Amino acid sequence: MSKPVVDLQDVWMSFPGKAKGEAVHVLERVNLEVQEGEFVCIVGPSGCGKSTLLNIVAGFLQHTRGQVTVEGQPVHGPDPRRIFVFQENGIFPWLTVHDNICFGIRRDDPRRDEIFRHYVDMVGLKGFENAYPRELSGGMRQRVEIARALASSPEIIYMDEPFGALDFLTRLKMRSDLIRIWQEERKTILFVTHDIEEAVQLADRVIVMSRRPATVQEVVRVDLPRPRNLDAPEYLALRDRIFNCMGVSANVGGEAAKSEPTPSGTHRGA
Amino acid sequence: MSDPEIAPRPSGQSPWIKVGLPIGVAVLFLILWDVSVRLSGSDIFPTPFAVLKGIGQLALQGLLLKYIVASLFRVTAGFILAVLIGIPMGLVLGWFEKLFFAFNPMIQVLRPISPIAWIPVAILWFHVDDRAPIFLIFLASVFPITVSAMAAVQNIQPVYIRAARNFGIGRLELFRRVIFPATLPQVLTGIRIALGVAWLVVVAAEMIAVNSGLGYLIIDARNAGKRYDLVVAGMVLIGLIGLGIDLLVRQLEKFDEVRWGYGR
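All of these numbers come straight from a predicted model, not from anything done at the bench.

1. Description of the overall build of chain A
And step 1. Helices and strands together make up the secondary structure of chain A, namely eight helices and ten strands.
And step 2. On C-alpha atoms alone, chain A measures out to a radius of gyration of 19 Å, which is about the 18 Å that the 2.2 N^0.38 rule sets for 270 residues.
And step 3. In terms of its C-alpha atoms, chain A occupies a principal-axis envelope of roughly 55 × 45 × 40 Å.
And step 4. The burial tally for chain A puts 43% of its 270 residues in the buried class.
And step 5. Of the contacts formed within chain A by residues at least 6 apart in sequence, a portion of 67% connects residues at least 24 apart.

Structure (structure tokens):
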């Protein structure tokens, strides 16, 4: 296997607690490797620290212990070669779709206009170039942010529950569009979600995090061809495995799964 | 930001109602005014028609335009000074937390002092020329502008700054491309409030220090022969011009660059 682009070795993270001298431990012994061009999803219970983990990898937060290396270099802060797509939508409301997408393209780039047209087309926003974000739906705004990220030609894209605020149908459409774009662009994507179905539909590998303090509980490889058949038994088996792993049954209300031992016994070190 | 729909808040009322109702109220008010003056038999307080005649007289004497221009000039001068100092000061204080802690208490002490209280000081420093009312206008408007700019910076959504930093832009670029546009809607609201206060204060300032302007007109008409028709004429003009200024500044809030900041 080649050298990973994202490499986390024994990463710990704690925040100062309310009481003096008390710390809230969020991450413990996190080890994670992402290969170039890979689509990796991180899932875990809400509040487990998966978002914190992504912010550490992106350089927005400083971890407490361990090594975070991206493309062979320790991470010291955000970097234009790795663009973050925010859950709460980070496009600028005072700029048009055009100006938002061009935000990360160098002004003196002769291909500026060409790049813009390529990506506005790719995310299906042709005809909305001069619209302002407030005139767009939530899904369209998220497309603008994805286009803005791609237009600055990063090597890695970090996505923090980017479809979390969208309605169900829009979410499904966004997923299939993201897969199409990823297949065209072959960027490395690290994608955080609390939605197990979403993770299995998108990822090459799904990293399952435990409750807080979170560590990598299990890594599930999804070796299914895309576009994925959501009725295929292989798909359902993988999905149920992750559901079980997180201590819930895929069948809502089914208590049976809870008492079963987790399929792979990789419990976090007690 | 949470609602994905495109909703330019329909008020559902026809323009007939939006224009007709206020005009109706104004007409009713004028009639009530006229009738009460006539019933009271006062020969000092003017009827609406007497006020209109007073305005006509001022116009014929060439004083109407002169006074309006004098007042507007003072407001503009003091206000532009306040904008030039208040906006940069507010943005800097909002951005650098230590400066905020250092200077904010001082600002909050100075802010509640009415500009009227500064009149003796202004006369002491600037005597009775134009600089005194301009100084008072400046004082009246610089605080609302500074405070709104300060709050605007502190209220910027962190996600905009993080996104911009992610693209590797420098400090100056961050200010020009993110902080300034992100704060503009709130700063503009501060400007609108400050302009209202400035207009309030110019009239008060002109009552003491100068010999032109709408404030001077009111005091002068009272002192020189109890011309209450001109006193009320001055009041009416002040109100109408104040309305005009507010409507003008409100137009600025319709630009796409700032409209996002007013909850659609």
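2. So, the overall build of chain B
And step 1. When helices and strands are counted, chain B shows eleven helices and zero strands.
And step 2. Shown N-terminal to C-terminal, the secondary structure of chain B runs as helices and strands in the order α-α-α-α-α-α-α-α-α-α-α.
And step 3. Taken over the C-alpha atoms alone, chain B extends approximately 75 × 55 × 30 Å along its principal axes.
And step 4. Sequence-distant contacts, at least 24 apart, represent 74% of the contacts inside chain B between residues at least 6 apart.

3. Details of the sheet that holds strand β2 (residues 23–34) of chain A
Residues and elements named next belong to chain A.
And step 1. The antiparallel open sheet is built from four strands, whose spatial order is β2-β1-β4-β5. Each edge of the sheet is formed by a strand with only one pairing partner; in this case those strands are β2 and β5 (73–74).
And step 2. Relative to strand β4 (residues 65–70), strand β1 (residues 6–16) is paired through five bridges, and the arrangement is antiparallel. Its bridge partner being in β4, Asp 7 is matched across the sheet by Thr 69.

4. Notes on the nonpolar core
And step 1. In this structure, Val 57 and Val 206 of chain A together with Ile 137 of chain B are the most contacted members of the largest nonpolar core, which totals 138 residues.
And step 2. Per-element tally for this core: the top contributor is helix α6 (residues 131–154) of chain B, with 16 residues.
And step 3. Those residues in contact with Val 57 of chain A, other than ones at most four positions away along the chain, are Val 6, Val 68, Val 70, Val 75, Tyr 158 and Leu 190 of chain A.

5. Details of the sheet that holds strand β9 (residues 205–209) of chain A
Residues and elements named next belong to chain A.
And step 1. The six strands lie next to each other as β6-β7-β8-β3-β9-β10, forming an open sheet whose pairing is mixed. Only two strands of the sheet have a single partner each, and these edge strands are β6 (82–85) and β10 (216–221). Taking each pair of neighbouring strands and ignoring which way they run, the sheet shows an average axis angle of 15 degrees.
And step 2. Here strand β3 (residues 39–43) runs beside strand β8 (residues 188–192); their pairing, made up of four bridges, is parallel. Of the residues in β8, the one forming a bridge with Cys 41 is Phe 191.

6. Notes on the interface of chain A and chain B
And step 1. Taken together, the contacts link 21 residues of chain A with 17 residues of chain B.
And step 2. Class assignment of the residues belonging to the side of chain A that touches chain B gives a composition of twelve nonpolar, six polar and three charged.

7. So, the packing of helix α8 (residues 171–206) of chain B against helix α9 (residues 214–223) of chain B
Residue and element names in this part refer to chain B.
And step 1. Here α8 crosses α9 at 45 degrees, and the two axes come no closer than 6 Å. By the criterion of interaxial angle, the relationship of α8 to α9 is oblique. Taken as a pair, α8 and α9 cross one another with a handedness that is right-handed. Where α8 abuts α9, its residues Val 202, Val 203, Ala 204, Ala 205 and Glu 206 lie against Leu 214, Gly 215 and Tyr 216.
And step 2. Broken down by class, the residue content of the contact of α8 with α9 amounts to six nonpolar, one polar and one charged.

8. Things to note about the pairing of β3 of chain A
Residue and element names in this part refer to chain A.
And step 1. In terms of burial, β3 is a largely internal element, five of the five residues being buried.
And step 2. Neither face of β3 is left uncovered, since the one carrying Phe 39, Cys 41 and Val 43 and the one carrying Val 40 and Ile 42 both have all their residues buried.
And step 3. Where β3 lies against β9, four bridges are found, and the strand directions are parallel. Across the sheet, Val 43 pairs through a bridge with Val 208, a residue of β9.

9. Points about helix α2 (residues 48–61) of chain B
All names here are of chain B.
And step 1. Compared with the 20 Å implied by 1.5 Å per residue over 14 residues, the 20 Å span of α2 between its first and last C-alpha is a close match.
And step 2. By the burial criterion, the buried members of α2 are Val 51, Gly 54 and Leu 58. Angularly, the buried residues of α2 cover 55 degrees about the axis, an arc narrow enough to put them on a single face. Away from its buried face, by an angle of more than 90 degrees, α2 presents the exposed residues Phe 49, Gly 56, Ala 59 and Leu 60.
And step 3. For α2, the secondary structure elements touched by its buried residues are α3 (63–95) and α10 (228–252).
And step 4. At the exit of α2 stands Gly 62, carrying a positive phi of roughly 80 degrees.

10. Overview of the confidence of the model for chain A
And step 1. Here chain A shows a mean pLDDT of 87. Residues at 70 or above account for 91%.
And step 2. Confidence drops under a pLDDT of 50 for residues 253–270 of chain A, and excluding neighbours within four residues, the segment shows 20 contacts in the predicted structure.

11. With respect to unusual backbone geometry
Residues and elements named next belong to chain A.
And step 1. Arg 212 connects to Pro 213 through a cis peptide bond whose omega is -5 degrees.
And step 2. Of note, Pro 213 is situated in the loop between β9 and β10.
And step 3. One non-glycine residue, Arg 29, adopts positive backbone phi at about 45 degrees.
And step 4. On the secondary structure map, Arg 29 appears in strand β2.

12. Details of the environment of Ile 55 of chain B
Residues and elements named next belong to chain B.
And step 1. Among the secondary structure elements, Ile 55 is positioned in helix α2.
And step 2. Residues Ile 55 and Val 153, spaced 98 residues apart in sequence, show a C-alpha to C-alpha distance of 45 Å.
And step 3. With residues near it in sequence (within four places) discarded, Ile 55 still touches Leu 64 and Ala 233.

13. Comments concerning the pairing of β10 of chain A
All names here are of chain A.
And step 1. When β9 meets β10, the two strands line up antiparallel, connected through five bridges. Pairing of Val 206 across the sheet is with Val 220, part of β10.
And step 2. Remark: six residues form the turn of the hairpin made by β9 and β10, two consecutive strands paired antiparallel.

Conventions adopted
Residues numbered from 1 in each chain as written. Chains lettered and ligands numbered in written order. Predicted model: local features only at pLDDT ≥ 70, side-chain atom pairs only at ≥ 80, totals over all residues. Helix = DSSP H or I, 4+ residues; strand = E, 2+ residues; numbered from the N terminus. Rg over C-alpha atoms; globule rule 2.2 N^0.38 Å. Buried ≥ 20, exposed ≤ 12 C-beta atoms within 10 Å, placed from the backbone. Contact = placed C-beta atoms within 7 Å. Pairing = 2+ DSSP bridges. Core = buried A, V, L, I, M, F, W, Y, C linked by C-beta atoms within 7 Å. Axes fitted to C-alpha atoms, helices over the stretch in contact; angles between N-to-C directions. Nonpolar A, V, L, I, M, F, W, Y, C, P; charged D, E, K, R; others polar. Parallel < 35°, antiparallel > 145°, perpendicular 65-115°, else oblique. Left-handed = near helix turned anticlockwise from the far one by under 90°. Expected span 1.5 Å × (residues − 1). Arc of directions from axis to C-beta. pLDDT = per-residue confidence, 0-100.

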